[in-house]
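The lines below spell out each chain.
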Amino acid sequence: MTVFTLRTCLLPLTCAVLLCACSAPQDNAAAGKSVAVTTVMPVRKVFHDYVDAWGHATADPHEMRTLSLPYAAHVTAVDVAAGQAVRRGEPLLTVAPDPMARRTWTQARDALALARQNLDHTRRLFKQHLATQAQVNATSKALKDAQAGVQSARALGGSKASTTLKAPADGVVTMLKVTRGEQVSAGSPLLVFMPSHAMIARVGVPPQETTTLRKGQAVQLMPVYGAHAAWAGTLTMVGQAVDATTHLVPAQIAVASSSAHLTAGTLLHTRIATSNRSAWAVPRAAVQNDAKGHYLFQLDHGHARRVAVTVRFPAGKTVGVSGDVEAALPVIVQGAYELDDGMAVRKANAAR
């Protein structure tokens with residue numbers, strides 16, 4: 001009975017020893033396992049808080065020019081089309097004066113020549129004592145009246161057989177109001193011209209965001225459709241009431257003169273920089289998230305150290321975070337999703 005009991009007790013113990021002996025090499029191998037990772041050094045960077053708004057480019061009504069003539073005329077040539085960009089001095093329209101204005105000019109010019117002849121003749125007679133001073137004064141006045149008549153006829157456009165209207169600056173013809181062969185009266189609008197530097201953007205801002213907006217803040221403008229580098233602008237006006245149609249607060253942005261190629265009507269996505277803040281700049285792939293919140297891993301003496309962070313600036317490939325990040329420890333990028341706090345890691349390649 002004693003021998004049987006002893007064998008019964010020793011059998012489980014022997015099995016346990018054998019199992020431990022077999023499993024020991026595997027546990028040791030697991031303990032030595034490490035994850036290959038890539039790293040970058042964390043850096044402090046100034047990030048901008050933005051307010052996003054959408055709208056469109058349009059001409060500044062304070063800078064638009066309506067070209068017209070002070071006299072009646074006949075349009076003989078149209079050299080541009082609505083929406084066409086032009087350079088300073090390029091021809092826009094050619095007009096011929098009204099026939100009546102041309103006749104008035106001819107009559108005024110002839111009257112001036114006759115008045116000069118009469119004055120010269122009267123002065124010669126006066127020297128010969130054949131005319132009085134009153135007659136000289138009368139012919140002098142007649143000459144002044146003739147000169148005024150010429151100036152008036154010139155203002156009516158009669159002095160030239162045709163006149164070419166030229167672009168007063170680099171810009172765009174936003175509206176053409178006449179056609180070739182049309183007869184226009186004095187003061188009638190011929191076309192609307194917008195200088196290149198006179199472009200603005202009108203956008204709508206969510207009402208809750210307006211408290212952070214101030215006149216003079218820098219703005220980036222990007223087209224909604226198509227790839228294009230961002231244009232620069234400045235916030236010039238923020239409305240004080242919500243638009244009943246869009247339910248947004250209207251705002252106005254002056255576009256920099258370097259953005260002359262921005263065309264009216266372009267749909268825009270704008271980002272208004274409201275403040276500057278410093279944060280840790282890390283690759284987006286380095287930041288993980290679980291039930292406890294956002295975090296990243298730093299490489300500390302061959303092991304991954306978990307650091308809780310708050311994402312302050314999530315836009316772009318490089319994000320801005322705050323937290324107890326140590327500047328001297330690399331941030332793990334590739335391979336971070338495989339890690340747990342304290343896990344052994346090794347560098348797959350040096351940070352670039």
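Residues numbered from 1 in each chain as written. Predicted model: local features only at pLDDT ≥ 70, side-chain atom pairs only at ≥ 80, totals over all residues. Heavy atoms only, no water.

Peer 1: I'd love a proper account of the packing of aromatic side chains, names of residues and values included.
Peer 2: Overall, the coordinates contain two aromatic pairs when judged by the stated rule. Each ring, one from Phe47 and one from Phe313, has its centre 5.0 Å from the other, and the planes form 10°; the classification is stacked. Residue Phe47 is found in strand S2 (residues 43-59), and its partner Phe313 is found in strand S18 (residues 303-313); the two are separated by 266 residues along the sequence. Residue classification places Phe47 among the buried positions, given a relative accessible area of 8%. Here Tyr295 and Phe297 contribute two aromatic rings whose centre-to-centre distance is 5.5 Å and whose plane-to-plane angle is 85°, an arrangement assigned as edge-to-face. Here Phe297 falls in the buried class, since its relative accessible area comes to 1%. A cation over an aromatic ring shows up here: Arg271 above the ring of Tyr50, its NZ or CZ 4.2 Å from the ring centre. (Phe/Tyr/Trp six-rings, centres within 6.5 Å; stacked < 30°, edge-to-face > 60°. Helix = DSSP H or I, 4+ residues; strand = E, 2+ residues; numbered from the N terminus. Buried < 20%, exposed > 50% of the residue type's maximum accessible area, 1.4 Å probe, protein only. Lys NZ or Arg CZ within 6 Å of the ring centre and 35° of its normal.)

Peer 1: I'd like a rundown of the pattern of salt bridges, residues and numbers included.
Peer 2: Within the structure shown, the criterion is met by eight salt bridges. We note a salt bridge from Asp145 to Lys141, for which the minimum N-O separation is 3.0 Å. With a gap of four residues between them, Asp145 and Lys141 both fall in helix H3 (residues 133-155), about one helical turn apart. By relative accessible area, Lys141 is classed as exposed at 52%. In this structure, a network of salt bridges that share partners links the residues Asp300, Arg305 and Glu326. (Salt bridge = Lys/Arg side-chain N within 4 Å of Asp/Glu carboxyl O.)

Peer 1: How would you explain the side chain of Asp60 if you had to name every residue and give the values?
Peer 2: Relative to the elements of secondary structure, Asp60 occurs in the loop between S2 and strand S3 (65-68). Despite being buried, Asp60 has no salt bridge partner; Arg202 is the closest side chain of opposite charge, sitting 6.3 Å away. Setting aside residues no more than four positions away along its own chain, Asp60 makes contact with Ala198 and Ile200. (Lys, Arg positive; Asp, Glu negative; His and termini not counted. Contact = heavy atoms within 4.5 Å.)

Peer 1: An account of the side chain of Thr38 is needed here, citing residue identities and associated values.
Peer 2: With respect to the secondary-structure elements, Thr38 resides in strand S1 (residues 35-40). By relative accessible area, Thr38 is classed as buried at 11%. Here the side chain of Thr38 touches Gln334 through a polar contact of 3.2 Å, landing on its backbone nitrogen. (Polar contact = N/O pair within 3.5 Å; in protein donor to acceptor, adjacent residues only side chain to side chain.)

Peer 1: Describe in detail the sheet that holds strand S5 (residues 85-86), supporting the description with residues and values.
Peer 2: Adjacent strands of a sheet form backbone hydrogen bonds with each other and so pair up, either parallel or antiparallel. Pairing in this open sheet of four strands is antiparallel, and the strands run S3-S10-S8-S5 from one edge to the other. Of all the strands in the sheet, just S3 and S5 have a single pairing partner and so form its edges. (Pairing = 2+ DSSP bridges.)

Peer 1: Before we move on, can you summarise the environment of Ala53 with the specific residues and values?
Peer 2: With respect to the secondary-structure elements, Ala53 resides in strand S2. Residue Ala53 is classed as buried on the basis of its relative accessible area, which comes to 0%.

Peer 1: Give a detailed account of the environment of Leu339, specifying residues and quantitative values.
Peer 2: Structurally, Leu339 can be placed in the loop between strand S20 (331-332) and strand S21 (345-349). For Leu339, a relative accessible area of 4% puts it in the buried group. When the C-alpha positions of Leu339 and Phe297 are compared, they lie 8.1 Å apart, and in sequence the two are 42 residues distant. The residues contacting Leu339, other than those within four sequence positions of it, are Val35, Val37, Phe297, Ala304, Ile332 and Val345.

Peer 1: Account for the sheet that holds strand S7 (residues 163-166), with residues named and values stated.
Peer 2: Taking strand neighbours across the sheet as the criterion, the four strands line up as S7-S6-S4-S9 in an open arrangement whose pairing is antiparallel. Looking at the sheet topology across the chains shown, the edges are occupied by S7 and strand S9 (183-184). Pairing between strand S4 (residues 73-78) and strand S6 (residues 91-97): five bridges, direction antiparallel. Residue pairing in the sheet places Val78 in a bridge with Leu93 of S6.

Peer 1: I'd like a rundown of the packing of helix H2 (residues 99-127) against H3, residues and numbers included.
Peer 2: The interhelical angle for the contact between H2 and H3, taken along N-to-C directions, is 160°, at an axis separation of 8 Å. Taken together, H2 and H3 sit at an angle that is classed as roughly antiparallel. Here the hand of the crossing between H2 and H3 comes out left-handed. (Axes fitted to C-alpha atoms, helices over the stretch in contact; angles between N-to-C directions. Parallel < 35°, antiparallel > 145°, perpendicular 65-115°, else oblique. Left-handed = near helix turned anticlockwise from the far one by under 90°.)

Peer 1: Hey, could you go over the nonpolar core for me, with residue numbers and the actual values?
Peer 2: In terms of nonpolar packing, the biggest core is built from 23 residues, with Val205, Leu213, Leu221, Leu235, Ile253, Leu262 and Leu268 touching the most fellow members. At the level of secondary structure, the elements contributing two or more residues to this core comprise S2, strand S11 (199-205), strand S12 (218-223), strand S13 (231-238), strand S14 (249-255) and strand S15 (267-283). Not counting chain neighbours up to four residues away, the residues in contact with Ile253 comprise Ile200, Ala201, Val203, Val219, Leu221, Gly233, Thr234, Leu235, Thr236 and Thr270. Core analysis: the second largest hydrophobic core is formed by 19 residues, Tyr71, Ala73, Leu165 and Ala167 among them. (Core = buried A, V, L, I, M, F, W, Y, C linked by side-chain atoms within 4.5 Å.)

Peer 1: Explain the layout of surface pockets to me, and be specific about the residues and the numbers.
Peer 2: In this structure, the largest pocket encloses a volume near 260 Å³. Put simply, the parts of the chain that give the lining of the largest pocket at least two residues each are S2 and S18. Counted by class, the lining of the largest pocket contains six nonpolar, four polar and five charged residues. (1 Å grid on protein atoms, 1.4 Å probe; cavity = no way out; pocket = protein on both sides within 12 Å on 5 of 7 lines; lining within 4 Å. Points joined across faces, edges and corners; volume = space filled by probe spheres on them. Nonpolar A, V, L, I, M, F, W, Y, C, P; charged D, E, K, R; others polar.)

Peer 1: So, unusual backbone geometry: which residues are in play, and what are the values?
Peer 2: Phi is positive for His247, which is not a glycine, with a value near 65°. Within the fold, His247 resides in the loop between S13 and S14. By relative accessible area, which is 55% here, His247 ends up exposed. A positive phi angle, close to 50°, is found at His301, a residue other than glycine. Tracing the backbone shows His301 in the loop between strand S17 (293-300) and S18.

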